[in-house]
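Letter by letter, the chains look like this.
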Amino acid sequence: MGVAGASESAAKDVGTGPGTSATVEVTDAELLLRLSGPNSAHLRSLESALGVSLGLRGHTIHIQGDEDAALQAERVILELVDVLGRGKTMSGLEMARAAQTLQRHPDVKLRDLFDDVVLVASRKKPIAPKGIAQQIYIQAIRDHDVVFGIGPAGTGKTYLAMAMAVRSLQAKLVKRIILTRPAVEAGEKLGFLPGDLAEKVNPYLRPLYDALHDMMDIDKAQALLERGTIEVAPLAFMRGRTLNDSFVILDEAQNTTPDQMKMFLTRLGFESKAVITGDATQTDLPEGRRSGLDDAANLLGKIDGIRVCYFTDADVVRHPLVQRIVRAYDGRDARREAQRQAAEQLGGDEE
């Protein structure tokens, strides 16, 4: 593989207190370049994620930091070398995310995570979990007929569900894929939309088309759409149907009412799976209306055959700023809720 690991002298240095150092030697020049990145940019990303200093001299990566951080960094680099040596390509951001995963879950092996390939997309890019929450979610879809994926934007809920659906279709585990979402405006009035019914609802369904076209060749996807093997439709079109031999994805489910959610869930027929995704903090329902997503997760979460998977801001896999944005909004909302409860309590005490 071209990696020598920590040298004996470095191993003796580890644990000597402040300024602990360690080294990892990577003798394969091509592998070292993919690990360090252009101008060592990937190492800079790892430094930020791990809280250590990383230097590259020759074929050796030098690690400097406190004892725990240096040991953690050494382990992360060795595991990244293992994954990269098996042909995986990673960006600096993906490496930093992998480092954070290992920090939060010391018992995890990166190889096991990246080997769990869900689908090889049309551009030959393997789709695999990028964190423990995603891996749990994927396994839940494999093992259960109804799965809820609940959490902030950017955690891969819909994308991974789509990948599992395409894989199921390719493996002939289902005969069709049905993608649906409620046609609810996201806080703005779109006004009159021209065209027939399909053209009117297409803007609401565009994200599902985008994900689908990322999974398979556009011409093939279009042919499957025309044959009805893959169907993209607003939630209202599900009423009165029985969905057999299908992989059904309900996206943006926070915008369903409890009645709509019940209607959708009772459409499920034999040999079918349903994945329901949404972010409970981003509902576009009128004020005072309860989300069908929250209602169903609380009511059905303990039923055998149903699994509810929750994601947090730590599981966001988009631009790093998205994670910080989610945390900022969640913190603000939590403070507002605490103030509201305190005001209610004060009012009750005065009475």
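Above this note sits the structure.
Criteria and thresholds
Residues numbered from 1 in each chain as written. Predicted model: local features only at pLDDT ≥ 70, side-chain atom pairs only at ≥ 80, totals over all residues. Heavy atoms only, no water. Helix = DSSP H or I, 4+ residues; strand = E, 2+ residues; numbered from the N terminus. Buried < 20%, exposed > 50% of the residue type's maximum accessible area, 1.4 Å probe, protein only. Areas by Shrake-Rupley, 256 points an atom, 1.4 Å probe, with all protein chains shown as cover. Core = buried A, V, L, I, M, F, W, Y, C linked by side-chain atoms within 4.5 Å. Contact = heavy atoms within 4.5 Å. Axes fitted to C-alpha atoms, helices over the stretch in contact; angles between N-to-C directions. Parallel < 35°, antiparallel > 145°, perpendicular 65-115°, else oblique. Left-handed = near helix turned anticlockwise from the far one by under 90°. Nonpolar A, V, L, I, M, F, W, Y, C, P; charged D, E, K, R; others polar. Pairing = 2+ DSSP bridges. Expected span 1.5 Å × (residues − 1). Polar contact = N/O pair within 3.5 Å; in protein donor to acceptor, adjacent residues only side chain to side chain. Salt bridge = Lys/Arg side-chain N within 4 Å of Asp/Glu carboxyl O.

**Comments concerning the overall build of the protein chain**
In step 1: Of the regular secondary structure elements, the protein chain holds 13 helices and twelve strands.
In step 2: A burial count over the protein chain gives 46% of its 351 residues as buried.
In step 3: A total accessible area of about 18,300 Å² is found for the protein chain, and carbon and sulfur atoms account for 51% of it.

**Details of the nonpolar core**
In step 1: Core analysis: the biggest nonpolar cluster contains 38 residues, and Tyr-137, Leu-179, Ile-230 and Phe-247 have the highest contact counts within it.
In step 2: At the level of elements, helix H7 (132-143), helix H8 (157-170), strand E8 (176-181), helix H9 (197-215), helix H10 (218-227), strand E9 (230-234) and strand E10 (246-250) are the ones that each hand at least two residues to this core.
In step 3: Take this core: its biggest share by element is eight residues, from H8.
In step 4: Leu-179 has contacts with Met-162, Leu-208, Ile-230, Glu-231, Val-232, Ala-233 and Ile-249, leaving out every residue within four places of it along the chain.
In step 5: Ranked by size, the runner-up nonpolar core spans 34 residues in total, among them Leu-46, Met-90, Ala-98 and Ala-99.

**Structural notes on the packing of H7 against H8**
In step 1: Taken N-terminus to C-terminus, the directions of H7 and H8 make an angle of 40 degrees; their axes are 11 Å apart at the nearest point. On the basis of the axis angle, H7 is oblique to H8. The crossing of H7 and H8 is right-handed. On the side of H7, the interface is formed by Gln-134, Tyr-137, Ile-138, Ile-141 and Arg-142, while H8 contributes Lys-157, Leu-160, Ala-161, Met-164 and Arg-167.
In step 2: Partitioned by chemical class, the residues of the contact of H7 with H8 number six nonpolar, one polar and three charged.

**Some thoughts on the pairing of E9**
In step 1: By the criterion of burial, E9 is predominantly enclosed, with four of the five residues buried.
In step 2: In terms of strand pairing, E8 meets E9 through five bridges, oriented parallel. When the sheet's bridge partners are listed, Thr-180 is paired in E9 with Ala-233.

**Some thoughts on H8**
In step 1: Taking 1.5 Å of rise per residue, 14 residues should cover 20 Å, and H8 covers 20 Å from first to last C-alpha, within 8% of that figure.
In step 2: Turning to H8, its buried residues are Lys-157, Thr-158, Leu-160, Ala-161, Met-162, Ala-163, Met-164, Ala-165, Val-166, Ser-168 and Leu-169.
In step 3: Just beyond H8, the residue with positive phi is Lys-172, at close to 60 degrees.

**Comments concerning the packing of helix H3 (residues 41-50) against helix H5 (residues 92-104)**
In step 1: At a minimum axis distance of 8 Å, the contact between H3 and H5 shows a crossing angle of 30 degrees. Between H3 and H5, the angle falls in the class roughly parallel. Of the two elements, H3 crosses H5, and the hand of that crossing is right-handed. Residue-level contacts link His-42, Ser-45, Leu-46, Ala-49 and Leu-50 of H3 to Gly-92, Met-95, Ala-96, Ala-99, Gln-100 and Gln-103 of H5.

**Regarding the sheet that holds strand E12 (residues 306-310)**
In step 1: Here we have six strands laid out as an open sheet, ordered E9-E8-E10-E11-E7-E12, and parallel in their pairing. Since the sheet does not close on itself, it has two edges, and those belong to E9 and E12, each with one partner. Ignoring which end each strand starts from, the neighbouring axes of this sheet average 15 degrees apart.
In step 2: Its contacts with the sheet put H7 on strand E7 (146-150), E10, strand E11 (273-278) and E12, and the angle it makes with E11 is roughly 150 degrees.

**Observations concerning the side chain of Glu-94**
In step 1: Turning to its location among the elements, Glu-94 is positioned in helix H5.
In step 2: Here Ser-91 takes part through its backbone nitrogen, which lies 2.9 Å from a polar atom of the side chain of Glu-94.

**Some points on the environment of Leu-235**
In step 1: By secondary structure assignment, the location of Leu-235 is in the loop between E9 and E10.
In step 2: Counting along the chain gives 15 residues from Leu-235 to Leu-250, while the straight-line C-alpha distance between them is 7.9 Å.

**Observations regarding unusual backbone geometry**
For residues that are not glycine, phi is negative in most cases, and the peptide bond is trans in most cases.
In step 1: In this structure, Asn-39 takes a positive phi of about 55 degrees despite not being glycine.
In step 2: Locating Asn-39 in the fold gives a position in the loop between helix H2 (29-36) and H3.
In step 3: A residue is classified by how much of its surface remains accessible, and Asn-39, at 78% relative accessible area, is exposed.
In step 4: For Lys-172, which is not a glycine, the phi torsion comes out positive at approximately 60 degrees.
In step 5: Note on placement: Lys-172 falls in the loop between H8 and E8.

**Some words on the pattern of salt bridges**
In step 1: This model, assessed by the stated rule, comprises 13 salt bridges.
In step 2: A salt bridge links Glu-252 to Arg-181; the nearest nitrogen and oxygen atoms lie 3.3 Å apart. Taken as a pair, Glu-252 in the loop between E10 and helix H11 (258-265) and Arg-181 in strand E8 lie far apart in primary sequence, 71 residues in all.
In step 3: A salt bridge links Arg-290 to Asp-295, with the nearest nitrogen and oxygen atoms 3.1 Å apart.

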